[in-house]
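So the chains spell out like this:
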Amino acid sequence: MANKISIIGAGMTGSTTAHWLAEREIADIVLVDIVDGMPQGKALDMTEAMPVIGKDVSILGTSDYADTKDSDIVVITAGLPRKPGMSREDLLVKNANIVASVAKETYKYSPDAVYIILTNPLDTMTYMTMKTTGLPPNRVIGQAGILDSARMRAFIAMETGVSVQNINCYVLGGHGDSMVPLRRHSNIAGVPLEKYIEADKLDAIVQRTRKGGGEIVGLLKTGSAFYAPSAAIAQMAEAILKDRHLIVPCAAYLQGEYGVDGIFFGVPVMLGKNGIEKIIEYDLNDEEMAALKKSADAVHASVETLKTLVEI
Ligand code: APR
């Protein structure tokens, strides 16, 4: 196939990303992991599924970064997942070292790729990737906003019984408990959410969205969410490869937009062949801007902590 996507970290999110991507038949896939035999085994198993679903996709499992050469997209999921009681920030240093090393390795072989980061703490790991590789900001994107927005959409569909396709939600800000679900910009087929859902129920949905990752961790007990995060990556990858100019919330490097500077932060972006083609600026009221500022302060603090602990 003409396009190639390498996924670093063949654990739950990495291998499920490969699965969603193979279903879409948009690129050949390379799965990389440090666990001996695991990426090879998963890739072979998935390869053996291709005749059943009728897709011609090459899926290679490997521990050798040379196999990732000339990837169009590199997805980084390598790291440790969150365990119950562990915040995303607890993962900071361990995952920073892993992400820095895999970003450097892949960059050697695919300097022109678009990099999509999933490893948590997301906003900080995306920053780490840009700093360690020297990639331009438009080619480094964090996956978070599609997932957070999808969680809110799913909860609204569950409450109203309306098709998920009619439900539009926009969750901005950092990928943490201070994320900002924008009610005013969210709607059901163009109708404000308040017309469908009572205020207290909507409040509960917003809170559940903010804690959506933790809810899954609490249920799974041994890992974190993987179906929805990997589905979001597949949507981003397809938008980039097909140069769709799809507008979705993602973590982008901000340089003054939304009054935020020097961090990766969840905002609506236009995805195309160059990665982030454009950052979209919504008109926000004072309350929304204040919530975003609070969230940005949390991401800034995480980046500052990281700088004191590891060399960037
Ligand atoms: N190089 C390559 N792979 C690595 C490395 C490394 N240096 N270090 C760890 N890995 C691999 C692990 O071997 C494991 O297979 O990363 C994989 C991570 O997979 P899981 O443990 O299943 O975790 P997952 O649920 O996929 O989450 C990965 O994404 O959503 C975030 O918070 C989550 O940070 C976590 C990441």
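Residues numbered from 1 in each chain as written. Predicted model: local features only at pLDDT ≥ 70, side-chain atom pairs only at ≥ 80, totals over all residues. Heavy atoms only, no water.

Chemist: A description of the pattern of salt bridges should follow, citing residues and the corresponding values.
Modeler: When their charged atoms lie close together, side chains carrying opposite charge are able to pair. Applying the stated criterion across every chain yields a total of 13 salt bridges. The salt bridge involving glutamate 238 is made with arginine 244; its shortest N-O contact spans 3.7 Å. For glutamate 238, a relative accessible area of 10% gives the class buried. By relative accessible area, arginine 244 is classed as partly exposed at 47%. A single network of salt bridges, built from pairs that share partners, joins Arg24, Glu238, Lys242 and Arg244. (Salt bridge = Lys/Arg side-chain N within 4 Å of Asp/Glu carboxyl O. Buried < 20%, exposed > 50% of the residue type's maximum accessible area, 1.4 Å probe, protein only.)

Chemist: How would you explain the state of the cysteines if you had to name every residue and give the values?
Modeler: Evaluated as defined, the whole model comprises zero disulfides. There is no disulfide at cysteine 169, and the cysteine sulfur nearest it, in cysteine 250, is 16 Å away. Judged by its relative accessible area of 5%, cysteine 169 is buried. In this structure cysteine 250 comes out as buried when scored by relative accessible area, which is 0%. (Disulfide = S-S within 2.5 Å.)

Chemist: Can you tell me about helix H9 (residues 286-309), naming the residues and giving the values?
Modeler: Each α-helix turn comprises 3.6 residues. Residues three or four places apart therefore point the same way. Compared with an ideal rise of 1.5 Å per residue, which puts 24 residues at 34 Å, H9 spans 35 Å between its outermost C-alpha atoms and is within 8% of the ideal. In this fold, the buried residues of H9 make contact with helix H3 (92-109), helix H4 (122-133), strand E7 (167-172), strand E8 (180-188) and strand E11 (261-272). Where H9 starts, the residue carrying a side-chain oxygen 3.2 Å from the main-chain nitrogen of glutamate 287 turns out to be asparagine 285. (Helix = DSSP H or I, 4+ residues; strand = E, 2+ residues; numbered from the N terminus. Expected span 1.5 Å × (residues − 1). Contact = heavy atoms within 4.5 Å. Polar contact = N/O pair within 3.5 Å; in protein donor to acceptor, adjacent residues only side chain to side chain.)

Chemist: Mind laying out the domain arrangement of the protein, listing which residues take part and the relevant values?
Modeler: Under the domain assignment, the protein is made up of domain 1 (4-142) and domain 2 (145-309). Put simply, the middle of domain 1 and the middle of domain 2, counted by C-alpha atoms, are 21 Å apart. At the junction of the two partners, domain 1 supplies 39 residues and domain 2 supplies 46 residues. Between domain 1 and domain 2, roughly 3600 Å² of surface is buried when both sides are summed, and carbon and sulfur atoms account for 71% of that area. Linking arginine 24 and glutamate 238 is a salt bridge whose minimum nitrogen-to-oxygen distance equals 2.3 Å. Applying the counting criterion to the domain 1 and domain 2 interface returns eight residue pairs in polar contact (both at pLDDT 80 or more). Residue assignment for the side of domain 1 that touches domain 2 shows that the elements contributing at least two residues are helix H1 (12-24), strand E4 (73-76), H3, strand E5 (114-117), H4 and strand E6 (140-142). Its residues placed into classes, the side of domain 1 that touches domain 2 shows 23 nonpolar, eight polar and eight charged. (Domains from an automatic or database assignment. Buried area = accessible area lost by both parts, 1.4 Å probe. Nonpolar A, V, L, I, M, F, W, Y, C, P; charged D, E, K, R; others polar.)

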